[in-house]
Amino acid sequence: MKTFSPTPKDINHQWYVVDAQDQVLGRLASQIAHRLRGKHKPEFAPHMDNGDFIVVVNCEKIKVTGTKLTQKKYYRHSGWVGGLKTTNLNDMLAQTPARVLAAAVRGMLPKNRLGRAMLKKLKIYAGPEHPHTAQNPQSLTLPH
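The present account deals with the structure reproduced in this document. From a predicted model like this one, the values you see are computed outputs, not experimental measurements.

Here is what the cut-offs are and how they apply
- Residues numbered from 1 in each chain as written.
- Predicted model: local features only at pLDDT ≥ 70, side-chain atom pairs only at ≥ 80, totals over all residues.
- Heavy atoms only, no water.
- Helix = DSSP H or I, 4+ residues; strand = E, 2+ residues; numbered from the N terminus.
- Buried < 20%, exposed > 50% of the residue type's maximum accessible area, 1.4 Å probe, protein only.
- Contact = heavy atoms within 4.5 Å.
- Areas by Shrake-Rupley, 256 points an atom, 1.4 Å probe, with all protein chains shown as cover.
- Lys, Arg positive; Asp, Glu negative; His and termini not counted.
- Charge placed at Lys NZ, Arg CZ, Asp CG, Glu CD.
- Axes fitted to C-alpha atoms, helices over the stretch in contact; angles between N-to-C directions.
- Parallel < 35°, antiparallel > 145°, perpendicular 65-115°, else oblique.
- Left-handed = near helix turned anticlockwise from the far one by under 90°.
- Nonpolar A, V, L, I, M, F, W, Y, C, P; charged D, E, K, R; others polar.

1. Topic: the overall build of the chain
Of regular secondary structure, the chain possesses five helices and six strands. Element order for the chain, N to C, with α for helix and β for strand: β-α-β-α-β-β-α-α-α-β-β. In terms of principal-axis extent, the alpha carbons of the chain reach across some 55 × 35 × 30 Å. The proportion of buried residues among the 144 residues of the chain is 37%. A sequence separation of at least 24 residues applies to 69% of the contacts in the chain between residues at least 6 apart. Total accessible area computed for the chain in this model is approximately 9100 Å², and 53% of it derives from carbon and sulfur atoms. The average position of the 22 basic charges and that of the 9 acidic charges among the side chains of the chain differ by 10 Å.

2. Description of the packing of helix α1 (residues 25–37) against helix α4 (residues 97–106)
Where α1 meets α4, the closest approach of the two axes is 8 Å, and the angle between their N-to-C directions is 60°. Judged by the inter-axis angle, α1 sits oblique to α4. α4 is crossed by α1, and the crossing has right-handed handedness. Counted together, Leu25, Leu28, Ala29, Ile32, Ala33 and Leu36 of α1 and Val100, Leu101, Ala104 and Val105 of α4 form the full contact between these two elements. Broken down by class, the residue content of the contact of α1 with α4 amounts to ten nonpolar, no polar and no charged.

3. A look at the environment of Ala29
Residue placement: Ala29 occurs in helix α1. The class for Ala29 is buried, based on a relative accessible area of 0%. In this structure, the C-alpha to C-alpha distance between Ala29 and Ala102, residues 73 residues apart in sequence, is 8.2 Å. For Ala29, the residues in contact, after removing those within four places along its chain, are Leu101, Ala104, Val105 and Met108.

What follows is the structure, given as C-alpha cells:
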C-alpha cells in the first residue's frame with residue numbers, strides 16, 4: 001500500500017462560521033488553528049495548506065479567565081529607539097477586538113510562509129454580521 005500524499009486538486013476548502021460569544025480565548029484559538037491547519041481531515045499533510053476558511057463573529061464578546069484582562073500585555077515596536085509600545089488585554093479588546101483573536105491564532109500556526117497562508121483564511125469580525133454570505137458558510141459549534 002502506498003502512502004497517500006495530497007495534491008492541490010485533492011484539496012477542498014470549506015467555509016465555516018464560528019460564534020465567539022462567551023468562548024474562552026485560548027480554547028477557541030486552538031480549535032480555530034486546528035481547523036485552519038486542516039488537521040481534522042483524513043488527507044492532512046503538514047507541507048500543504050488544506051485547511052478550511054473560518055469566519056469568526058462576535059469576537060468582542062470573548063471571555064478570558066483569571067486576571068488576564070489587566071495583566072496580559074501586547075507589545076509592538078516602531079523600529080525607533082525607545083519605540084516599544086505596550087497595551088493590556090482590556091484596552092486591546094476595547095479598541096481592536098479582532099486583533100486579540102488573530103494574535104492568539106497566529107501564535108498557534110507554523111512560523112513560515114505556510115502559516116501566513118493559513119492565517120489569510122481566518123476572517124474575524126467584531127459584530128454579528130459578516131460579508132461572506134455568498135460562500136454559504138456552515139455554522140460550526142466548537143466543543144469547548
